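For reference, the chains in residue letters:
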Amino acid sequence: LSTNLSIGIDVGGTNIRFGVFNQANLVEEMRLEANFSQLCRDLSPEYASYEIVRVISSGIIGIIEKYYTIQSVGIGFPGFIHPDSKKIVASPNLSGLSYFNLAGELSRIFSLPFTLENDANAAAYGEYILASKPEGGLIYAGLGTGVGGGLVLDGKIYAGQQGCAMEIGHIIIEPNGRQCGCGNKGCMEQYASASGIVISYNSATQKRCSAAQIAEFAHAGDKDAITAYTLAANSLAQALASVIKVVDVRNVVIGGGVAAAWPLMKPAFMQRFEADLIDVLRNTIKIKISNANDKAGMLGAAMLSVEAS
Ligand SMILES: [Zn+2]
């Protein structure tokens, strides 16, 4: 049995995924259903955080009983993580968790080193490892229910001073555009996320369909479905070109469920992206679609825990 195993945990809105890793190799994956968003709406912050610790612990116990040699645990969490204290500053979808020390609590229970990182940053780090640590770093955009972003700069996650760096989903691309959950209008994720695509299609057709269904309609030639994906592509391109003009990083990876429909988005994306760059940057940025099958978050979290311990 290997002696150098770690666990990478990806906390999502409706489930938690646990990966057991031997270095960067996934040995086993398990999943627990848990609706933490609902939990945080229904329970007091104290009881909700107690429940989150309990559910994550139950998964870890199951793994430790099978693999005795777990050395460290990393968690990718949907929230702003303070870069120094590693406490959860806030979580837009898990209300009430302000300044909760999840990693500290779990570390005390299991007597193991735990690391906590924003979920998109963990995914960015996982993609960075899968790309064999490209020089300079890597930008990650995750197109899911919302749009998350992560940046690995010179080998390290750049999370910002308050854990809010790379909130690319909330770059305003349309003044006075669609209302966003953050309070502003016209944020990129209102157009380029799965929910944004659903809104675009619904406002043209009054039909309520999933982003995946809309992709099927687009492939079959439905003009409104094509328009919804073209708008998503343009919105993402606008935001990413702006980010690159700030950080000048050459490698970009696009992941998340919506990336499965990349062939629908690519032509419009590339045209707008290149147009919005400045000349010296044009045709130098490598855009890749993730082939990590949504496992980059677990991998990144696990590897961050290994490197920290
Ligand atoms: Zn917003």
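Because the structure is predicted, anything quoted here is derived from the model rather than measured.

Student: For this particular structure, what's the right way to read the pattern of salt bridges?
Tutor: Opposite charge on two side chains permits them to pair, given that their charged atoms come into close proximity. For the structure shown, the criterion picks out 10 salt bridges. Arg108 is the salt-bridge partner of Glu105, the closest N and O atoms lying 3.1 Å from each other. Here the residue Glu105 and the residue Arg108 both occupy positions in helix 3 (residues 102–110), the gap between them amounting to 3 residues, near one helical turn. Note on Glu105: relative accessible area 29%, which makes it partly exposed. With relative accessibility at 59%, the residue Arg108 sits in the exposed group. Close ionic contact of Asp279 with Arg282 constitutes a salt bridge, the shortest N to O distance being 3.5 Å. The exposure class assigned to Asp279 is exposed, which follows from its relative accessible area of 59%. One network of salt bridges, in which partners are shared, links Asp10, Arg17, Glu29 and Lys295.

Student: Mind showing me how you'd approach the side chain of Glu127 here?
Tutor: Within the fold, Glu127 resides in helix 4 (residues 119–130). No salt bridge is formed by the buried Glu127, whose closest oppositely charged neighbour, Lys288, lies at an N-O distance of 8.5 Å. With sequence-adjacent residues up to four places away left out, Glu127 is seen in contact with Leu138, Tyr140, Val253, Ser290, Ala292 and Ala296.

Student: Please clarify how the sheet that holds strand 8 (residues 137–143) should be interpreted in this entry.
Tutor: Working definition: the strands of a sheet are paired by backbone hydrogen bonds and lie parallel or antiparallel to each other. Spatially, the 5 strands line up as an open sheet ordered 10-9-8-11-12, and their pairing is mixed. Both edges of this open sheet fall to strand 10 (156–157) and strand 12 (286–289), since each of them pairs with a single strand only. Bridge count for strand 8 against strand 11 (residues 251–255) is 4 bridges, and the pairing is parallel. Looking at the pairing, Ala141 lines up with Ile254 of strand 11. Running at roughly 50° to strand 9 (residues 147–153), helix 4 makes contact with strand 8, strand 9, strand 10 and strand 11 of the sheet. Lying over the sheet, helix 8 (residues 223–247) contacts strand 8, strand 9 and strand 11, oriented at roughly 160° with respect to strand 8.

Student: How should the packing of helix 7 (residues 211–219) against helix 8 be read in this particular structure?
Tutor: Packed helices, taken two at a time, are described by the angle their axes make and the gap between the axes. Taken N-terminus to C-terminus, the directions of helix 7 and helix 8 make an angle of 120°; their axes are 7 Å apart at the nearest point. Of the two elements, helix 7 crosses helix 8, and the hand of that crossing is left-handed. When helix 7 is examined against helix 8, the residues Ala211, Ala212, Ile214, Ala215, Phe217 and Ala218 are found in contact with a partner set consisting of Ala225, Ile226 and Tyr229. Tallied by class, residues from the contact of helix 7 with helix 8 come to 9 nonpolar, no polar and no charged.

Calculation criteria
- Residues numbered from 1 in each chain as written.
- Predicted model: local features only at pLDDT ≥ 70, side-chain atom pairs only at ≥ 80, totals over all residues.
- Heavy atoms only, no water.
- Salt bridge = Lys/Arg side-chain N within 4 Å of Asp/Glu carboxyl O.
- Helix = DSSP H or I, 4+ residues; strand = E, 2+ residues; numbered from the N terminus.
- Buried < 20%, exposed > 50% of the residue type's maximum accessible area, 1.4 Å probe, protein only.
- Lys, Arg positive; Asp, Glu negative; His and termini not counted.
- Contact = heavy atoms within 4.5 Å.
- Pairing = 2+ DSSP bridges.
- Axes fitted to C-alpha atoms, helices over the stretch in contact; angles between N-to-C directions.
- Left-handed = near helix turned anticlockwise from the far one by under 90°.
- Nonpolar A, V, L, I, M, F, W, Y, C, P; charged D, E, K, R; others polar.

Shape is all these values report; function is a separate question.
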